[in-house]
Amino acid sequence: MTERIIASTCRECFVGCGSLIHIADGKVVKIAGNPAHPHSRGGFCAKGMNAPIASLYHPKRPLQPLRRTGERGEGKFEPATWEEVLAEISERLINIKQEHGGRSLAGAVSNQYYDRGVAMSLLLRSFGSPNYMINQDLCTGSRSTAGLMTGLAAEPGSELRRSDCILVVGRSPSEANIVDWMDIRAAKQAGAKLIVIDPRETQLAKLADIWLAVRPGTDAALALSLVNELFDQQLINKDFVEKWCVGVDLLQARASKYPAGDAEEITGVAAHLIKGAAKMFASSKRSSMVLGHGIDAQANGVYTAMAFHALIALTGNVDREGSNRLAKYLPGFRDYVSIVRDPRFRMPTAREAQIIGGDKYPLWTGARSWGSAAHNPSVINAILTEDPYPIKAMYVSGVNILCTYPGMQNTIEAFKKLDLLVVATDHITPTAEYADYVLPKTTLLEERAVFAEVLAPCLSVVNRALAPLGQVKSDMEIAIALTAYLREKGGLDFDLLPWKHELEFIEYQLENTGLRYEQLEAGFSCFDFEYGTYEHTGFKTPTKKIELWSSVLDEFGYDPLPDYHAPSYASTSDGYDLLLMTGIRVMGLHHSRFRNHAWARRGQRYPQVKLHPSLAAEYEIADGDWIWIEVLGGSRRVYLHAKLSNEVPPKSLATGMGWWFPELSGADRGALRFNVEAAIPYGPICDPISGSPESRNCACRIGRATVEEMQILEVDAIGRPSDSVA
Ligand SMILES: Nc1nc2c(c(=O)[nH]1)N[C@H]1C(S)=C(S)[C@@H](COP(=O)(O)OP(=O)(O)OC[C@H]3O[C@@H](n4cnc5c(=O)[nH]c(N)nc54)[C@H](O)[C@@H]3O)O[C@H]1N2
Ligand SMILES: Nc1nc2c(c(=O)[nH]1)N[C@H]1C(S)=C(S)[C@@H](COP(=O)(O)OP(=O)(O)OC[C@H]3O[C@@H](n4cnc5c(=O)[nH]c(N)nc54)[C@H](O)[C@@H]3O)O[C@H]1N2
Ligand code: SF4
Ligand SMILES: [Mo]
């Protein structure tokens, strides 16, 4: 037996752990963590060990293109060649463009941190469409937009290990980020203090010196109260603030609206804990702060993140050892986000301005935004209503939007209304079930990529473990091939995807670094970096300072200072008097992925919802019962499997996301019954700056499922995964 080991990077989630892929007799047999990787240092999780292998060798994996034969959503496909499908798709796209214009094509990818973000956005722009959809409105949209406003796109990364005090807001690393989990525990063991802001008593909260059990969606009031304490207790780093911050007095006045006693009323956090946390954070020598997904996908997300940024700015915990470090890049390296934003790859301004949602959310959609992306719920709405104009075709790649966008029924209706739906994927997801064409994609082990890991910092490298199976192609190669067909038929308005193959794209990324892809066999490449680079460059804001009062928000007509605005569940009752927290992660699942993997399903059988025993008692719900949930503003009831737990606050429930069951019939594969996105509306309540929908914390009502409902649910079929699961 010949065995070799390839050093690569796991990209099953954005943590990006260094990996060692073991290959024996031409087959991938094992994946483990790479102790040499500067970011993960050997850290690795069950997803990274199992998922890439299960996806690669899945018996039902599509290995050649498929063309729909039955009705849309009927699940009937026939195999076709790449030449056939690319010729047909390009022809149909050109016909659609002739009638409705290039902008009538929308394209969806997961996010901007993969090469598929570049591939999709440049394919769309070449065709003449600005309507690039990413799911980061549901993810980091508000936090990243806030970073652009304040100039503090800064994360601790590897500095966590060197911090004396760590503040973690809305992140549950034991469930979602093993490297943070490893580093925070190491720092704690070395004597660091830990402050956790989370409504749930997570594993991290149990470790905390101070746990602030905030009422969901009220973090902005808490952050402003902490800021107020910094001023009151004279904990400001005056030298740093005088030199590097603008808007200090204005922010002080705003924060004074939130004395600890008032904040206690709003947030449920005791005033003495607020005072103590401010003191602990500001008086430690080296403090750092992690902002997690818990404060995003809320209607006040941008202001919440901006208010927290003020804590590190006012205490001077910026870009020095053990603090929040500004992103460091290898000089010359072109990362995905910078390519998507690069003026040389953009359409003329007038064309870009037609982006859907641009009128309402210019700081999500426009040239000066972080997202540079369309407003997804508005795109779905445009498909359904043709307002502001028709969207007739959609290309979806590396994202399962039926299962991960709220408002599932609208997504399905929109799919049905399209003239053309193309889905590139490595397995048949419910989204792919509705496609006219399924394009077979590579899995992680067949791909190559180089990306900037700002947390280490280093370049991280995805090295190909083996040649792609069957006829599968990577996202970049599909986009290049489709662009070539369109080009040949005169179907391009612009020509913005210049590379001929995947490696040429990677060479372009590395062009000015002095590095070549072949030299990156180690799976990463480190480079020297300096702290305090802002001393030479300033911060990336119009004033070159940290803007506690944002000149950009002012220019765009928003309140330039962060403030608290109550979440909508706080003001509504209408019988929806409970709170549903969504998107709570579990280590063995990733969003909608792995439902077709036996290793994952052994650990997670049902879509779980945790509820407090007192709430369960009130509704006569026992551990293991199926319950229904309805969300205010949503259109459907979904069913979840109850687990009693003290970790969630009373009157609240906490669930995950993404469920579907390959063994169930129907194109949605049970998603309409069991996936929380079927219960949640996608808007209309959105953050006014980033457009992120309020989908994390929703007003809901519940009840125990009746015997009749249980029969319709087919729970017997999902309890024992059938042979459709590999
Ligand atoms: N195993 C696994 N890991 C993952 C993922 C996965 O699906 N599975 N997904 C990856 C992705 S894309 C993301 S974005 C990250 C997300 O991971 P994190 O950034 O850790 O965020 P979440 O797990 O979504 O939520 C973190 C915490 O926020 C809390 N929370 C909820 N509402 C509020 C609130 O209003 N205020 C505060 N302060 N806290 C609140 C929740 O109780 C939860 O404990 O995880 C990544 N890692
Ligand atoms: N209600 C609610 N909704 C949420 C959230 C929430 O907390 N609550 N969280 C949101 C967040 S943070 C996120 S990031 C989104 C995630 O939303 P999605 O990105 O849709 O989630 P996934 O299920 O991880 O990925 C979808 C598909 O991407 C493809 N894919 C994934 N990785 C790879 C890869 O490495 N290579 C290739 N070729 N294909 C790949 C697979 O086909 C997979 O089916 O969901 C969001 N939706
Ligand atoms: S945390 Fe797990 S899934 Fe995420 S990159 Fe690391 S090994 Fe892969
Ligand atoms: Mo995410």
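Note that residues are indexed from 1 along each chain, following the sequence as it is written. Chains carry letters and ligands carry numbers; both start at the beginning, A for chains and 1 for ligands, and go up in the order they are written. In view of the model being predicted, local features appear only for residues whose pLDDT reaches at least 70, and side-chain atom pairs are presented and counted only at 80 or more, with totals across whole chains, interfaces and linings using the full set of residues. Side-chain descriptors were evaluated using all non-hydrogen atoms of the structure, hydrogens and water having been removed beforehand.

Engineer: Explain the overall build of the protein chain to me, please; I cannot follow it from the model alone.
Structural biologist: From N to C terminus, the protein chain includes 30 helices and 27 strands. Throughout, radius of gyration means the C-alpha value; the globule benchmark is 2.2 Å times the number of residues raised to the power 0.38. Compactness check: the protein chain gives a C-alpha radius of gyration of 25 Å against a globular reference of 27 Å for 726 residues, within 12% of the reference. Seen through its C-alpha atoms, the protein chain measures out along the principal axes to roughly 70 × 65 × 60 Å. Whether a residue is buried, partly exposed or exposed follows from its accessible area with a 1.4 Å probe, protein chains only, as a fraction of its type maximum: under 20%, in between, or over 50%, in that order. Buried positions account for 64% of the 726 residues belonging to the protein chain. The secondary structure listing takes helices from DSSP runs of H or I that are at least 4 residues long and strands from runs of E that are at least 2 residues long, numbered from the N terminus.

Engineer: Whenever I open this one, the packing of helix H11 (residues 260–267) against helix H12 (residues 271–283) confuses me. Can you help?
Structural biologist: Any two packed helices are characterised by the angle at which their axes cross and by the distance between the axes. Axes here mean lines fitted to C-alpha atoms, for a helix over just the part in contact, with angles spanning 0 to 180 degrees between N-to-C directions. Between H11 and H12, the shortest axis-to-axis distance is 8 Å and the interhelical angle comes to 115°. In terms of orientation, H11 lies roughly perpendicular with respect to H12. Crossing handedness for the pair H11 and H12: right-handed. On H12, the residues that touch Ala260, Gly261, Ala263 and Glu264 of H11 are Ala271, Ile274 and Lys275. In this classification, the charged set is Asp, Glu, Lys and Arg, the nonpolar set is Ala, Val, Leu, Ile, Met, Phe, Trp, Tyr, Cys and Pro, and all remaining amino acids, among them Gly, are polar. When grouped by side-chain class, the residues that make up the contact of H11 with H12 number four nonpolar, one polar and two charged. Angular relationships are summarised with four words: roughly parallel below 35 degrees, roughly antiparallel beyond 145, roughly perpendicular across 65 to 115, and oblique for the angles in between. The crossing is said to be left-handed when, going from far helix to near helix, the turn is anticlockwise and less than a right angle, and right-handed when the turn is clockwise. The contact definition used throughout considers only heavy atoms, calling two residues in contact when any of these lie within 4.5 Å.

Engineer: Hey, could you run me through the sheet that holds strand S17 (residues 437–440) in this one?
Structural biologist: Strand pairing in a sheet takes place through backbone hydrogen bonds and is either antiparallel or parallel in direction. Taken in spatial order, the seven strands make up an open sheet running S5-S4-S17-S16-S15-S6-S7, and their pairing is mixed. The sheet terminates laterally at strand S5 (77–79) and strand S7 (132–133), the two strands that pair on one side only. We call two strands paired when DSSP finds no fewer than two bridges between them. When strand S4 (residues 66–68) meets S5, the two strands line up antiparallel, connected through three bridges. Along S5, the bridge assignment pairs Arg68 with Phe77. Taken strand by strand, helix H2 (residues 82–100) contacts S4, strand S6 (105–109), strand S15 (393–397), strand S16 (420–425) and S17, and its axis lies near 130° from that of S17.

Engineer: Is there a simple way to think about H11 in this case?
Structural biologist: Side chains that are three or four residues apart share a direction in an α-helix, a result of its 3.6 residues per turn. By the burial criterion, the buried members of H11 are Ala260, Ala263 and Thr267. Projected down its long axis, H11 shows its buried positions confined to an angular sector of 55°, all on one face. In the core, the buried residues of H11 are packed alongside helix H8 (219–232) and H12. Backbone geometry just downstream of H11 places Gly268 in the positive-phi region, at approximately 80°. To be clear, the arc concerns the directions from the helix axis to the C-beta atoms.

Engineer: Looking at this model, I keep getting lost on the environment of Val399. Mind explaining?
Structural biologist: Position of Val399 among the secondary structure elements: in the loop between S15 and helix H18 (401–404). The exposure class of Val399 is buried, given its relative accessible area of 12%. Considering only alpha carbons, one finds Val399 and Val179, 220 residues apart in sequence, at a separation of 24 Å. In this structure Val399 touches Ala108, Val109, Ser110 and Asn135, once residues within four positions along its chain are discounted.

Engineer: Help me out: how do you make sense of the site of ligand 2 in this one?
Structural biologist: One heavy atom within 4 Å of a molecule or strand makes the whole residue count as near it. Lining the immediate surroundings of ligand 2 are 29 residues, of which Thr404, His591, Ser592, Arg593 and Glu677 lie closest. Between N or O atoms, a polar contact is any pair within 3.5 Å; within protein, one atom must be a potential hydrogen donor and the other a potential acceptor, and residues adjacent in sequence are included only when both atoms are from side chains. A distance of 3.3 Å separates an oxygen atom of ligand 2 from a polar atom in the backbone of Val399. Protein contact buries 97% of the 900 Å² of open area that ligand 2 shows by itself. Taken together, the residues of the shell around ligand 2 sort by class into five nonpolar, 16 polar and eight charged. Note on areas: Shrake-Rupley with a 1.4 Å probe; residue coverage comes only from the protein chains shown.

Engineer: Would you mind showing me how to read the nonpolar core here?
Structural biologist: For soluble globular proteins, nonpolar side chains are generally found buried alongside one another. If you look at the biggest cluster of nonpolar residues, it comprises 79 residues, and the most contacted ones within it are Val28, Leu439 and Trp499. Once residues lying within four places of it in the same chain are set aside, the contact partners of Leu439 are Trp82, Val85, Ile89, Tyr395, Val422, Val423, Ala424, Thr425 and Ile478. Take the buried Ala, Val, Leu, Ile, Met, Phe, Trp, Tyr and Cys residues and link them wherever side-chain atoms come within 4.5 Å; each set so joined is a nonpolar core. Among the nonpolar cores identified, the runner-up in size contains 68 residues, and Ala154, Cys165, Ile197 and Ile295 belong to it.

Engineer: Can you help me understand the site of ligand 3 in this one?
Structural biologist: In the neighbourhood of ligand 3, the contacting residues comprise Cys10, Glu12, Cys13, Val15, Gly16, Cys17, Phe44, Cys45, Lys47, Gly48 and Ile178. For the shell around ligand 3, the per-class residue count stands at seven nonpolar, two polar and two charged.

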